[in-house]
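These are the residues of each chain, in order.
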Amino acid sequence: HMTPEYITIHNTANDASALNEIAYMKRNNYNSYHFAVDDIQAVQGLPLNRNGWHASDGGNGFGNRKTIAIEICYSLSGGSRFDKAEENASELIAQLLKQYGWGIDKVKRHYDYAPNKKYCPHRTMDKGWDRFLNMIKSKLGNEEEDIVPNNVVNVFYRVKTKKYGWLPEV
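Residues numbered from 1 in each chain as written. Predicted model: local features only at pLDDT ≥ 70, side-chain atom pairs only at ≥ 80, totals over all residues. Heavy atoms only, no water.

*Asks:* Which residues make up the pairing of strand E4 (residues 67-72), and what are the values?
*Replies:* Extensive coverage of E4 is indicated by the burial of six of its six residues. Here E4 shows two buried faces, one formed by Thr67, Ala69 and Glu71 and the other by Ile68, Ile70 and Ile72. Looking at chain direction, strand E1 (residues 6-11) and E4 are connected through six bridges and run parallel. Within E4, the position partnered with Ile7 by the bridge is Ile68. With three bridges joining them, strand E2 (residues 35-37) and E4 adopt parallel strand pairing. Of the residues in E4, the one forming a bridge with Val37 is Ile72. (Buried < 20%, exposed > 50% of the residue type's maximum accessible area, 1.4 Å probe, protein only. Helix = DSSP H or I, 4+ residues; strand = E, 2+ residues; numbered from the N terminus. Pairing = 2+ DSSP bridges.)

*Asks:* Can you tell me about the nonpolar core, naming the residues and giving the values?
*Replies:* Core analysis: the biggest nonpolar cluster contains 35 residues, and Ile7, Ile9, Ile68, Ile70, Ile93 and Phe132 have the highest contact counts within it. At the level of secondary structure, the elements contributing two or more residues to this core comprise E1, helix H1 (18-28), E2, strand E3 (42-44), E4, helix H3 (79-100) and helix H5 (129-140). The biggest single contributor to this core is H3, with eight residues. When near neighbours in sequence (up to four residues on either side) are disregarded, Phe132 contacts Ile9, Ile72, Glu86, Ala89, Ser90, Ile93 and Thr124. (Core = buried A, V, L, I, M, F, W, Y, C linked by side-chain atoms within 4.5 Å. Contact = heavy atoms within 4.5 Å.)

*Asks:* Tell me what's going on with H3, and back it up with residues and numbers.
*Replies:* Its 22 residues place the ends of H3 32 Å apart at the C-alpha level, agreeing with the 32 Å of an ideal helix rising 1.5 Å per residue. Of the residues flanking the end of H3, it is Gly101, one or two places downstream, whose phi is positive at about 70°. (Expected span 1.5 Å × (residues − 1).)

*Asks:* Got a sec to walk through the side chain of Lys106? Specific residues and values, please.
*Replies:* Inspection of the secondary structure assignment puts Lys106 in the loop between H3 and strand E5 (107-109). No salt bridge forms around the buried Lys106; measuring N to O, its nearest opposite-charge neighbour Asp105 is 5.3 Å away. Looking at Lys106, its side chain comes within polar contact range of the main-chain oxygen of Glu5, at 3.3 Å. Those residues within four positions of Lys106 in sequence are excluded, and the remaining contacts are Glu5, Tyr6, Ile7 and Leu97. (Lys, Arg positive; Asp, Glu negative; His and termini not counted. Salt bridge = Lys/Arg side-chain N within 4 Å of Asp/Glu carboxyl O. Polar contact = N/O pair within 3.5 Å; in protein donor to acceptor, adjacent residues only side chain to side chain.)

*Asks:* Describe in detail the packing of aromatic side chains, supporting the description with residues and values.
*Replies:* This structure, assessed with the given rule, holds four aromatic pairs. What links up through ring pairs into an aromatic cluster is the set Tyr6, Phe62 and Tyr113. Across the ring face of Trp129, the terminal group of Arg109 is positioned such that the distance to the ring centre comes to 5.9 Å. The ring of Tyr111 has Lys117 lying over it, and the distance from NZ or CZ to the ring centre is 5.1 Å. (Phe/Tyr/Trp six-rings, centres within 6.5 Å; stacked < 30°, edge-to-face > 60°. Lys NZ or Arg CZ within 6 Å of the ring centre and 35° of its normal.)

Spelled out as structure tokens, the structure:
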């Protein structure tokens, strides 16, 4: 059981969709994270009360044990699909921050936890980490943006997907 305290941002370092990222994770019991976000939707792969294995900091590492992992898709090639995925991720992160009553200081990079200082989220950092934080901040201030057009697709334990609102209940 996990009570999250922070959010950790990753870039997938390939060009698969969010649904494909989560399907791969589920098939392979692989390096688990909570959300993958692409240019169309966010797909949730783990409940927020379960920890993932994403931060490279071990079985008792703070990153793995206490943070919600968000993978931003299409970071290998970048371009407009990655830009839209980042935009969608910023919406999701703003909603999570509001839901938990957290400030922007709760948003961290994989780089911040990895003992080997893995350069991740690579493309988000290349484009400017402060720029990304400002994108999230711009979503925090506007109460009218609480209802966003994108959906989180929740696929924890089954292949059939069901559309939910932007965030599941904690």
